[in-house]
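# Examination of the molecular architecture
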Amino acid sequence: MCIGRSAGRHRDSVTRQIFATPEALAAAGAELFIRLATTAVAERGRFMVALSGGSTPKTMLGLLATEPLVGTIDWTKLHLFWSDERAVPPDDEQSNYRMAREALFNRVAVPPEQIHRMPAERLPLLLTAEEYAAEIRRAFGGRRGSTPRFDLVMLGMGDEGHTASLFPDTEALDDHHRLVAPNYVPKLDAHRLTFTPKLINAAADVLFLIAGAAKADVLQAVLEGPRQPHRYPAQLVAPENGTLHWYLEAAAAAKLH
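Fair warning: this is a prediction, and the values are worked out from it, not measured in the lab. (Residues numbered from 1 in each chain as written. Predicted model: local features only at pLDDT ≥ 70, side-chain atom pairs only at ≥ 80, totals over all residues. Heavy atoms only, no water.)

### With respect to the overall build of the protein
From N to C terminus, the protein includes six helices and 11 strands. The C-alpha radius of gyration computed for the protein amounts to 17 Å, which stays within 12% of the reference 18 Å derived for 257 residues, consistent with globular compactness. By its C-alpha atoms, the protein is 45 × 40 × 40 Å across when sized along the principal axes. Burial analysis of the protein (257 residues in total) assigns 55% to the buried set. When contacts within the protein are restricted to residue pairs at least 6 apart in sequence, those whose partners lie at least 24 apart make up 75%. Carbon and sulfur atoms make up 51% of the accessible area of the protein, which totals about 11,200 Å². (Helix = DSSP H or I, 4+ residues; strand = E, 2+ residues; numbered from the N terminus. Rg over C-alpha atoms; globule rule 2.2 N^0.38 Å. Buried < 20%, exposed > 50% of the residue type's maximum accessible area, 1.4 Å probe, protein only. Contact = heavy atoms within 4.5 Å. Areas by Shrake-Rupley, 256 points an atom, 1.4 Å probe, with all protein chains shown as cover.)

Spelled out as structure tokens, the structure:
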């Protein structure tokens, strides 16, 4: 069972757009964010969104927090979550929360109780994952066992094909039950918290923002190559009765046919 936006709406499953520059990519992402937020607030009185880290999302959030865009959204109706987080304190330079705080919600009027930080520095991470999943369900008003349906989940993609903190050949790729999972990444010798594919794919809209020539090969493999989700976890993202938006900068999309 999904809770949130109606699961009965038939929508296009995949869109793909290519933009000439990273700046144009960020501006298009901001435009989509505004459109989805406006619709969600008008229809349901709130906009439930999961943010991601990365330089392009940072630029996008900065645009949303400045004129002329900042006045187009009723910020008091937003609930902000994170699709993943590093196991670092919230003031750490690598914290996705810190990035969003500096780029966006220090500058807009989102009520503090509607900013749902993912506290990935809190051990044990398995318990923290369960607590964060419970917080998500409370915010959506759903019972245990339900799968909340975000209005928007924002994602990036790494040079090796990871998304959120779903890295190649890591345990969370095979987690079909939890909403949020701890994930150890041997390549980085790092612990993370991440949305699982189950939670991501329940969303009404999922937005990939991908820029940079370094991602051209892996993007081609993800979009046009054989299905190998343990090698390219971004291939796991396939919203159920939702729309998947691939927003690509031209250099990243250079090898697509």
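### Observations regarding the pattern of salt bridges
Counted under the stated rule, the structure contains eight salt bridges. In this structure, Arg178 and Asp175 form a salt bridge, with 2.8 Å as the shortest nitrogen-oxygen distance. Take Asp175: its relative accessible area is 11%, and that puts it in the buried class. Across the salt bridge formed by Asp217 and Lys255, the nearest N and O atoms sit 2.5 Å from each other. One end of the pair, Asp217, is in helix 6 (residues 216–224); the other, Lys255, is in the segment after strand 11 (243–249), and 38 residues separate them in sequence. (Salt bridge = Lys/Arg side-chain N within 4 Å of Asp/Glu carboxyl O.)

### Focus on the packing of helix 2 (residues 55–64) against helix 3 (residues 96–105)
In contact at an axis separation of 7 Å, helix 2 and helix 3 are set at 30° when each is read in the N-to-C sense. On the basis of their axis angle, the class for helix 2 and helix 3 is roughly parallel. Contacts between helix 2 and helix 3 pair Pro57, Lys58, Leu61, Gly62 and Leu64 from the former with Met99, Ala100, Ala103 and Leu104 from the latter. Residues that form the contact of helix 2 with helix 3 fall into these classes: seven nonpolar, one polar and one charged. (Axes fitted to C-alpha atoms, helices over the stretch in contact; angles between N-to-C directions. Parallel < 35°, antiparallel > 145°, perpendicular 65-115°, else oblique. Nonpolar A, V, L, I, M, F, W, Y, C, P; charged D, E, K, R; others polar.)

### Focus: the confidence of the model for the protein
Mean pLDDT over the protein stands at 95; residues scoring 70 or higher make up 95%. The low-confidence segment residues 5–10, where pLDDT is below 50, has 13 contacts with residues more than four positions distant or belonging to other chains. (pLDDT = per-residue confidence, 0-100.)

### Remarks on the packing of aromatic side chains
Summed over all chains, the structure comprises 11 aromatic pairs. With a centroid separation of 6.5 Å and an interplanar angle of 35°, the aromatic rings of Phe81 and Phe140 are classed as tilted. In this pair, Phe81 sits in strand 4 (residues 78–82) while Phe140 sits in helix 4 (residues 125–140), placing the two residues 59 residues apart along the sequence. When the centroid spacing of 5.4 Å and the interplanar angle of 50° are considered together, the rings of Tyr97 and Phe105 count as tilted. Of the two residues examined, Tyr97 and Phe105, each falls in the buried class. Over the aromatic face of Phe140 sits the side chain of Arg46, whose NZ or CZ is 5.6 Å from the ring centroid. Over the face of the ring belonging to Tyr97 we find Arg117, whose NZ or CZ atom lies 5.7 Å from the ring centre. (Phe/Tyr/Trp six-rings, centres within 6.5 Å; stacked < 30°, edge-to-face > 60°. Lys NZ or Arg CZ within 6 Å of the ring centre and 35° of its normal.)

### Looking at helix 6
Buried residues of helix 6: Ala216, Val218, Leu219, Ala221 and Val222, and no others. Close packing links the buried residues of helix 6 with strand 10 (205–210) and strand 11.

### Re the nonpolar core
Ranked by size, the top nonpolar core spans 84 residues in total, and within it Phe33, Phe150 and Phe195 carry the most contacts. If you tally residues by element for this core, the top one is helix 1 (residues 22–44), at 10 residues. Apart from residues no more than four positions distant in its own chain, Phe150 is found in contact with Met48, Val49, Ala50, Phe81, Ile136, Phe140, Phe195, Leu199, Ala203, Ala204 and Asp205. (Core = buried A, V, L, I, M, F, W, Y, C linked by side-chain atoms within 4.5 Å.)

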